[in-house]
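This is what each chain is made of:
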Amino acid sequence: MNLSYNPQLGRYFTFEPSKSKPIYNWFYYKEAFSPELVFYFIEKWKPKKILDPFCGIGTTLLASKEKNIPARGIDASPLAVFVSKVKTEHYTEKDAEEGERILREFFEARFSPSYEWEFELFSPKKFFPPRNYNDVVFIREKIEKLENEKLRGLFLLALLSILPQCGLFIKDGGVLKFSKEKRAMPAKEAFRRKVKRMLKEAKETKPGDVFVEEGDARAIEFGDAQFDGIITSPPYLNNIDYTKVYGLELSLLTMDKNITSIARAKSFRSFITKETKAKETPPEVEEYASLPIVPAYFEDSKRVFENLYRVLENGGKVAYVVGNAVIHETHIPVDEILCRIAEKIGFEAEILVGLERWADVKPAKIKTRESVVMLEKI
């Protein structure tokens, strides 16, 4: 397999460049890549129809819409699907004007919410000042009563996006931690500001051929040879359970205490759960079979690649952004293993390295990298 380097492109493997971009920044998701990465492959490959089977917060879909390319997305997370739908929606001037009117009147009539917001790991009341908790639950119930479906989604996304600002918690790696030093912004003011900005940016949206739904990249339901371009990034092999990291947002979205455990059971296996034992370890990863989660991760990856091969046209291409891993002081060359699995399926494969870094694994440091595994159906 060919291996090349493009550190310039590697700058766009993170969400940071998106923080200042309208609509892309409606929901902060540290794990997302930036639209410039999508534009790079659109320009390079000139695809006519794009799929993102791990669509996350919709960066590939929104960038494709911006370039007038039909795009389809799936994700196992109800939160990801919701965020993607709201961001890729077409809003009219009338929608924006109605939203501004609703926002002006939003807090005129108060009531005692009938909702009880519950989360799998702890009571959300512990992680918010009492007034903020009450305001969040009040806003959540009032949003549910909005008749305009597009505005209901936009207002709800605004509420979900402000939770880190209004809570007394931080997202530290793969866990939520209570922070005594954290200062929480008043929820009403944060919500009002976010909705006003989103409505202003919504006026600039244009129609596009984008569709997103909940689904499993290991069992894609699209027909054969539907796409000629796939731009995506699966969960990294890092043992981080994103249903917990974004569990407050997910539980408030659905008002279902059990939604995180339900979503976890459907997730691509990149973190340790009860179901992380592989039924059939791919031979390409046999030397790492004794390490936790590794065999299951690559078993799922193989199933994904088989699905991608099926839904791609001949000559179709894939950009698959991954990070290598260090588990129990052992370096796992994720990109190389994925290439070998893909080649056995029938792809041509090469690696484009964007970032290199040192993992601090005492007593030594291990060099690792983030790459794009580039595949072509032949």
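Everything that follows concerns the structure shown earlier in this document.
Every chain is numbered on its own, with residues counted from 1 as its sequence reads. Per-residue local features are limited, in this predicted model, to residues with pLDDT of at least 70; the limit for side-chain atom pairs, both in listing and counting, is 80 or more; totals at the level of whole chains, interfaces and linings are taken over all residues. With hydrogens and water stripped out, all remaining heavy atoms of the structure feed into the side-chain values.

1. A few points about the overall build of the protein chain
In terms of helices and strands, the protein chain carries 14 helices and twelve strands. What the globule rule says is 2.2 Å times the number of residues to the power 0.38, and the radius of gyration is computed from C-alpha atoms. For the protein chain, the C-alpha radius of gyration of 21 Å lies close to 21 Å, the compact-globule estimate for 378 residues. Counting only C-alpha atoms, the protein chain reaches 65 × 45 × 35 Å along its principal axes. Only protein chains enter the accessibility calculation, which uses a 1.4 Å probe; a residue whose area is less than 20% of its type maximum is buried, one above 50% is exposed, and one in between is partly exposed. Buried residues in the protein chain amount to 55% of all 378 residues. A total of about 17500 Å² of accessible surface is found on the protein chain, and carbon and sulfur atoms cover 48% of it. Think of it this way: Lys and Arg go in the positive column, Asp and Glu in the negative one, and His and the chain ends go nowhere. Where a charge sits is defined by one atom per residue type, namely NZ (Lys), CZ (Arg), CG (Asp) or CD (Glu). One way to put it: in the protein chain the 60 positive side-chain charges average out to a point 5 Å from where the 57 negative ones average out. Only DSSP runs of H or I with at least four residues qualify as helices, and only runs of E with at least two residues qualify as strands; both kinds are numbered from the N terminus onward. Using a 1.4 Å probe, accessible areas were evaluated by the Shrake-Rupley method; residue-level cover was limited to the displayed protein chains.

2. Quick word on the sheet that holds strand β7 (residues 227-232)
The pairing criterion for strands is at least two bridges between them, as found by DSSP. Spatially, eight strands are ordered β1-β11-β12-β8-β7-β2-β3-β6 in an open sheet, and the strand pairing comes out mixed. Taken across any chain shown, the strands that pair with only one partner, and hence form the sheet edges, are β1 (2-5) and β6 (210-214). Across the sheet, the mean angle separating the axes of adjacent strands is 20 degrees when strand polarity is ignored. One ladder, built from five bridges, connects β7 with strand β8 (residues 312-323); its direction is parallel. Along β8, the bridge assignment pairs Ile-230 with Val-318. Should any heavy atoms of two residues lie within 4.5 Å, those residues are counted as being in contact. To define axes, lines are fitted to C-alpha atoms, for helices over the stretch in contact only, and angles between the resulting N-to-C directions are given on a 0 to 180 degree scale. Running over the sheet, helix α4 (residues 78-88) touches β3 (71-75) and β6 and is turned about 165 degrees from β6.

3. Points about helix α11 (residues 247-254)
Judged by how many residues are buried, α11 sits mostly within the fold: seven of eight residues are covered. Of all the residues in α11, the buried ones are Gly-247, Leu-248, Glu-249, Leu-250, Ser-251, Leu-252 and Leu-253. Where α11 ends, the next residue or the one after it, Met-255, has phi of about 55 degrees, a positive value.

4. Side note on unusual backbone geometry
A positive phi angle, near 60 degrees, is found at Asn-239, a position not held by glycine. Here Asn-239 is to be found in the loop between β7 and α10 (242-245). The backbone of Met-255 shows a phi angle near 55 degrees, a positive value even though the residue is not glycine. Structurally, the position occupied by Met-255 is in the loop between α11 and α12 (259-265). For Met-255, a relative accessible area of 25% corresponds to the partly exposed category.

5. Considering the side chain of Arg-140
Structurally, Arg-140 can be placed in helix α6 (residues 130-144). Residue Arg-140 is classed as buried on the basis of its relative accessible area, which comes to 4%. Polar contact is the term for a pair of N or O atoms within 3.5 Å; when the atoms are in protein, one must be able to donate a hydrogen and the other to accept it, and sequence-neighboring residues count only if both atoms are side-chain atoms. One polar contact links the side chain of Arg-140 to the main-chain carbonyl oxygen of Leu-252, over a distance of 2.8 Å.

6. Structural notes on the nonpolar core
Definition used in this section: a nonpolar core is a set of buried Ala, Val, Leu, Ile, Met, Phe, Trp, Tyr and Cys residues joined via side-chain atoms within 4.5 Å. The biggest cluster of nonpolar side chains holds 85 residues, and the ones touching the most others in it are Phe-155 and Phe-191. It is helix α7 (residues 149-161) that contributes the most residues to this core, eight residues altogether. When neighbours within four sequence positions are excluded, Phe-155 is seen to be in contact with Gly-99, Ile-102, Leu-103, Phe-106, Ile-143, Leu-146, Phe-191 and Val-195. Core analysis: the second largest hydrophobic core is formed by 41 residues, Phe-227, Val-285, Tyr-297 and Val-334 among them.

7. Description of helix α9 (residues 187-202)
Its 16 residues place the ends of α9 22 Å apart at the C-alpha level, agreeing with the 22 Å of an ideal helix rising 1.5 Å per residue. For α9, the full list of buried residues reads Ala-187, Ala-190, Phe-191, Lys-194, Val-195, Met-198, Leu-199, Glu-201 and Ala-202. End-on view of α9: buried residues confined to an arc of 160 degrees, all on one side of the axis. Seen from the buried face of α9, the exposed residues on the opposite side, beyond 90 degrees, are Arg-193, Lys-196 and Lys-200. Residues of α9 that are buried sit in contact with α5 (93-105), α6, α7 and α8 (163-166). Here a helix's expected span is defined as the number of its residues, less one, multiplied by 1.5 Å. Working note: the arc is built from the helix axis to C-beta atom directions.

8. Examining the packing of α5 against α7
For any two helices packed against each other, one specifies the crossing angle of their axes together with the interaxial distance. Contact geometry for α5 and α7: axes closest at 10 Å, N-to-C directions at 55 degrees. On the basis of the axis angle, α5 is oblique to α7. At the point where α5 passes α7, the crossing takes the right-handed sense. Judged by residue contacts, Asp-95, Glu-98, Gly-99, Ile-102 and Leu-103 of α5 engage Lys-150, Leu-151 and Phe-155 from α7. By the convention adopted, Pro, Cys, Tyr, Trp, Phe, Met, Ile, Leu, Val and Ala count as nonpolar, Lys, Arg, Asp and Glu as charged, and the other residues, Gly among them, as polar. A breakdown of the residues in the contact of α5 with α7 according to their chemical character gives four nonpolar, one polar and three charged. Convention used here: angles under 35 degrees read as roughly parallel, angles over 145 as roughly antiparallel, angles from 65 to 115 as roughly perpendicular, and any remaining angle as oblique. By convention the crossing between two helices is left-handed if the near helix lies anticlockwise of the far one by an angle smaller than a right angle, and right-handed if it lies clockwise.

9. Thoughts on the environment of Thr-60
Within the secondary structure, Thr-60 is located in helix α3 (residues 59-66). In sequence terms Thr-60 and Ile-231 are 171 residues apart; their C-alpha atoms lie 6.7 Å from each other.

10. Focus: the pattern of salt bridges
Think of a salt bridge as a Lys or Arg side-chain nitrogen and an Asp or Glu carboxyl oxygen that are within 4 Å of each other. Applying the stated criterion across every chain yields a total of 29 salt bridges. Note that Arg-110 is salt-bridged to Asp-135, the shortest N-O span being 3.1 Å. With Arg-110 in the loop between α5 and α6 and Asp-135 in helix α6, this residue pair connects regions lying 25 residues apart in the sequence.

11. Overview of the packing of aromatic side chains
Two measures describe an aromatic ring pair: the distance that separates the ring centres and the angle between the ring planes. Aromatic rings from Phe, Tyr and Trp, with only the six-membered ring used for Trp, were paired whenever their centres fell within 6.5 Å, and each pair was classed as stacked if the ring planes differed by under 30 degrees, edge-to-face if by over 60, and tilted otherwise. For the structure shown, the criterion picks out 28 aromatic pairs. With a centroid separation of 6.3 Å and 45 degrees between ring planes, the pair formed by Phe-27 and Tyr-246 is classed as tilted. One end of the pair, Phe-27, is in the loop between α1 (7-10) and α2 (35-45); the other, Tyr-246, is in the loop between α10 and α11, and 219 residues separate them in sequence. Accessibility assignment for this pair places Phe-27 and Tyr-246 in one class, buried.

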